[in-house]
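# Breakdown of the fold
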Amino acid sequence: METKVLIAIVLMVASITIAAQDDPWAAWKYSTKTSIDGKTTETAIAGTYNNVSLVVRCSKKCEVYIADGTEIFADQRTVRVKFNKSAVKQFAVSIGEGSDSLFFSDPWGILKAIRDNGGYMTVEYRPYEKTPDTTTFGIWNLPTSILKRIPAK
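Residues numbered from 1 in each chain as written. Predicted model: local features only at pLDDT ≥ 70, side-chain atom pairs only at ≥ 80, totals over all residues. Heavy atoms only, no water.

### Topic: the packing of aromatic side chains
Centre-to-centre distance and the angle between the planes together describe a pair of aromatic rings. Enumeration over the complete set of coordinates arrives at three aromatic pairs. Their ring planes at 70 degrees and their centres at 5.3 Å tell us that Tyr 120 and Trp 140 sit as a pair that is edge-to-face. With Tyr 120 in strand β8 (residues 120–125) and Trp 140 in the loop between β9 (133–138) and α3 (144–147), this pair connects stretches of sequence that are 20 residues apart. Taking the relative accessible area as the measure of exposure, Trp 140 reaches 29% and is therefore partly exposed. (Phe/Tyr/Trp six-rings, centres within 6.5 Å; stacked < 30°, edge-to-face > 60°. Helix = DSSP H or I, 4+ residues; strand = E, 2+ residues; numbered from the N terminus. Buried < 20%, exposed > 50% of the residue type's maximum accessible area, 1.4 Å probe, protein only.)

### Quick look at the confidence of the model for the chain
The predicted coordinates of low-pLDDT regions are not to be read in fine detail. Taken over all residues, the pLDDT of the chain has a mean of 81, while the share at 70 or more is 82%. Segment residues 5–25: pLDDT under 50, and three contacts once partners within four positions in sequence are set aside and those in other chains are kept. (pLDDT = per-residue confidence, 0-100. Contact = heavy atoms within 4.5 Å.)

### Some words on unusual backbone geometry
Non-glycine residue Ser 99 carries a positive phi angle of around 60 degrees. Within the element layout of this structure, Ser 99 appears in the loop between β6 (89–95) and β7 (101–104). Residue Ser 99 is classed as partly exposed on the basis of its relative accessible area of 24%. Positive phi values are uncommon outside glycine, yet Asn 141 reaches one of about 60 degrees. As for its placement among the helices and strands, Asn 141 is situated in the loop between β9 and α3.

### As for the pairing of β6
Note on strand geometry: in a regular strand, side chains alternate between the two faces of the sheet. Judged from the four bridges that link them, strand β5 (residues 78–83) and β6 form a sheet pairing that is antiparallel. Among the inter-strand pairings, Val 81 is bridged to a residue of β6, identified as Lys 89. Linking two consecutive strands that pair antiparallel, namely β5 and β6, is a turn of five residues; a positive phi of about 50 degrees is found at Asn 84 within it. Where β6 meets β7, three bridges bridge the pair, whose relative direction is antiparallel. Within β7, the residue paired with Ser 94 across the bridge is Phe 103. (Pairing = 2+ DSSP bridges.)

### Some details on the environment of Ser 94
With respect to the helices, strands and loops of the structure, Ser 94 is situated in strand β6. Filtering out sequence-adjacent residues up to four positions away, Ser 94 remains in contact with Ser 101, Leu 102, Phe 103 and Ser 105.

### Regarding the nonpolar core
Core analysis: the largest hydrophobic core is formed by 31 residues, its most contacted members being Trp 28, Leu 54, Val 79, Phe 83, Phe 104, Ile 114 and Met 121. Breaking this core down by element, the ones donating at least two residues are β2 (40–49), β3 (52–58), β4 (62–68), β5, β6, β7, α2 (107–117) and β8. Leaving out residues up to four positions away in the same chain, Ile 114 has contacts with Trp 28, Leu 54, Phe 83, Met 121, Ile 139 and Leu 142. (Core = buried A, V, L, I, M, F, W, Y, C linked by side-chain atoms within 4.5 Å.)

What follows is the structure, encoded as structure tokens:
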């Protein structure tokens, strides 16, 4: 009898552990955080490849940025972006305070492009004193709560 109970407990713990792991089919790691004054911030991070992430952070408004573990070229004003096999497009960006991130100037524009294209997004930007770097992010399955924030027009 004790063996059956022990096996049942082990199976239950294993199923809870598996359910708690990230969905392997989701491209985004999604989390929410509520501040002491009750304001909630949603964060979705698409892959971390070579220390580079695509981040969507929404509280009252949304920000979309590329976070890189290294310094980015200070005069960079645009990045080149390609969705799946579409033509290359340019998006305006501004450098973050720590010089290791690039914020899209039109977050709704890039979020609409992500929503409408799904699949993969390849971004070309210039790390400081290096040749342009290209990183590809899986962007399918953007969290529904963030999709709902995107203005219709």
